Amino acid sequence: MALNTLKLSGMKSILVKPFDQVAAIELAAVEVEDRLRQGKRAGSGSPWAKLRFDRQIVAIAKTNGASRIYSDDEDVVKFATRREMKVIRTCELPLPPARQIDLYDES
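So, a few notes on the structure that sits alongside this text. Since the structure is predicted, the reported quantities are computational estimates derived from the model, not experimental observations. (Residues numbered from 1 in each chain as written. Predicted model: local features only at pLDDT ≥ 70, side-chain atom pairs only at ≥ 80, totals over all residues. Heavy atoms only, no water.)

As for the side chain of Ser46
Along the chain, Ser46 falls in the loop between helix 2 (21–38) and helix 3 (48–63). The class of Ser46 is buried, set by a relative accessible area of 15%. Within the structure, the side chain of Ser46 is placed 2.6 Å from the side chain of Asp75, a separation counted as a polar contact. (Helix = DSSP H or I, 4+ residues; strand = E, 2+ residues; numbered from the N terminus. Buried < 20%, exposed > 50% of the residue type's maximum accessible area, 1.4 Å probe, protein only. Polar contact = N/O pair within 3.5 Å; in protein donor to acceptor, adjacent residues only side chain to side chain.)

Structure, rendered in structure tokens:
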């Protein structure tokens, strides 16, 4: 397990979930539906491997009960939006409180 995954898995507000059988079935059903309506790439110019990975992210989130996803990736945004998930981009996140620095502190 990568170091970043260990850090994330220790946070109470973030769940790290695998691409399991339930997510795979969800993804397969969605891909069949998308192919019938829009084709394999659903209008994206991204490589197929990237699209597949992006769709896995959304399928994992959806099958684990997530109602929103945080991403700036256009393919993730499109895929999540089509799955009726709220997408929050980084520019929409509130800024942390500003720290005041005393420029005249002589200590």
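What about unusual backbone geometry?
In this model, Glu84 sits at a positive phi of 60°, which is unusual for a non-glycine residue. Relative to the assigned elements, Glu84 resides in the loop between helix 4 (74–82) and strand 2 (86–88). What makes Glu84 exposed here is its relative accessible area of 72%.

Overview of helix 4
Of all the residues in helix 4, the buried ones are Asp75, Val76, Val77, Phe79 and Ala80. The inward-facing, buried residues of helix 4 abut helix 2, helix 3, strand 1 (68–70) and strand 2. Residue Asp73 occupies the N-cap position of helix 4, its side-chain oxygen lying 2.9 Å from the main-chain nitrogen of Asp75. One or two residues past the end of helix 4 sits Glu84, with phi positive at roughly 60°. (Contact = heavy atoms within 4.5 Å.)

Considering the nonpolar core
The biggest cluster of nonpolar side chains holds 14 residues, and the ones touching the most others in it are Val58, Ile69, Phe79, Ala80, Met85 and Val87. Residues in contact with Phe79, not counting those within four places in the same chain, are Leu27, Val30, Asp34, Asp54, Arg55 and Val58. (Core = buried A, V, L, I, M, F, W, Y, C linked by side-chain atoms within 4.5 Å.)

What about the environment of Asp73?
Within the secondary structure layout, Asp73 lies in the loop between strand 1 and helix 4. By relative accessible area, Asp73 is classed as partly exposed at 25%. Spatially, the C-alpha atom of Asp73 lies 8.7 Å from that of Arg89, the residues being 16 residues apart in sequence. When near neighbours in sequence (up to four residues on either side) are disregarded, Asp73 contacts Lys50 and Asp54. Separated by 2.8 Å, the side chains of Asp73 and Lys50 make a polar contact.

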